[in-house]
Amino acid sequence: GLAPCQGKWDQRGFTLPWPKVWRSVWKPRVPPKWNDLFYLFLHRGITTGTKAHRLGLRSPPLECDLCHCPESLHHLFLSCVLAKAVWQWDPEISLAKILQPGLQSAGWQVRHRASLWTIWTERCSRVYGGEPFSAEQAAAKGALLFSLYD
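A brief report on the enclosed structure follows. (Residues numbered from 1 in each chain as written. Predicted model: local features only at pLDDT ≥ 70, side-chain atom pairs only at ≥ 80, totals over all residues. Heavy atoms only, no water.)

This brings us to the state of the cysteines. Inspection of the entire model under this criterion finds zero disulfides. Between C80, a free cysteine, and C67, which holds the nearest cysteine sulfur, the sulfur-to-sulfur gap is 3.7 Å. (Disulfide = S-S within 2.5 Å.)

Moving on, we get to the pattern of salt bridges. If you walk through the whole model with that rule in mind, you get three salt bridges. With a shortest N-O distance of 2.7 Å, R126 and D65 are connected by a salt bridge. Here R126 is found in helix α8 (residues 106–127), whereas its partner D65 is found in the loop between α4 (49–55) and α5 (73–79), with 61 residues between them in sequence. Among the salt bridges present, the one from R123 reaches E71, with a minimum N-O distance of 3.0 Å. With R123 in helix α8 and E71 in the loop between α4 and α5, this pair connects stretches of sequence that are 52 residues apart. Exposure remark for R123: the relative accessible area of 1% places this residue in the buried category. (Salt bridge = Lys/Arg side-chain N within 4 Å of Asp/Glu carboxyl O. Helix = DSSP H or I, 4+ residues; strand = E, 2+ residues; numbered from the N terminus. Buried < 20%, exposed > 50% of the residue type's maximum accessible area, 1.4 Å probe, protein only.)

Another point: the nonpolar core. Among the nonpolar cores identified, the biggest contains 34 residues, and F77, W87 and W120 are the most heavily contacted of them. The set of elements that each furnish at least two residues to this core consists of α3 (32–42), α5, α6 (81–86), α8 and α9 (135–149). Top contributing element to this core by residue count: α8, with eight residues. Residue contacts for W120: discarding those within four places in its chain leaves L37, I46, T47, L76 and F77. (Core = buried A, V, L, I, M, F, W, Y, C linked by side-chain atoms within 4.5 Å. Contact = heavy atoms within 4.5 Å.)

Next up on the list: the packing of α8 against α9. It is the contact of α8 with α9, at a shortest axis distance of 9 Å, that shows an interaxial angle of 140°. Taken together, the axis directions place α8 and α9 in an arrangement best described as oblique. Read as a crossing pair, α8 and α9 show a hand that is right-handed. Of α9, the residues touching α8 (which contributes G107, V110, R111, A114, W117, T118, T121 and E122) are A138, K141, G142, A143, L145, F146 and Y149. Of the residues contributing to the contact of α8 with α9, the split by class is eight nonpolar, four polar and three charged. (Axes fitted to C-alpha atoms, helices over the stretch in contact; angles between N-to-C directions. Parallel < 35°, antiparallel > 145°, perpendicular 65-115°, else oblique. Left-handed = near helix turned anticlockwise from the far one by under 90°. Nonpolar A, V, L, I, M, F, W, Y, C, P; charged D, E, K, R; others polar.)

This part covers α3. Listed as buried for α3 are W34, N35, L37, F38, F41 and L42. All buried residues of α3 project into a common sector of 155° when viewed along the axis, lining one side. Phi turns positive one or two residues past the end of α3, at R44, with a value near 55°. (Arc of directions from axis to C-beta.)

The following block contains the structure:
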């Protein structure tokens, strides 16, 4: 059968080999929470500011506190200044590239998961009163996490 989110991503112009994508979600040997986040990302299940606003929730804030742009999934993980700093190892990063894990090497998948996790945890620190890192510190943290599991 079709994966539940297939239609959602395909409406954005992505045609992907979904069986390969789903098989690759749990393959990388990384902390389970990294794969859990990736699974939520694939299902567009991450509650961003715009999604929370659409659902009538009060938290998180509608706008990114760094860029003052609406906090969408795309903004949070790709176009925010924090995301761009973390993804500096792959300046050609795109949503299509993120959604093709079954077509990438194991090392790339680990780096990918480490980057997503770093962006997510830094965003949560800023939103929920933790100690946020600068974009450069977040990029260094992502590289360190990757090196631990590579």
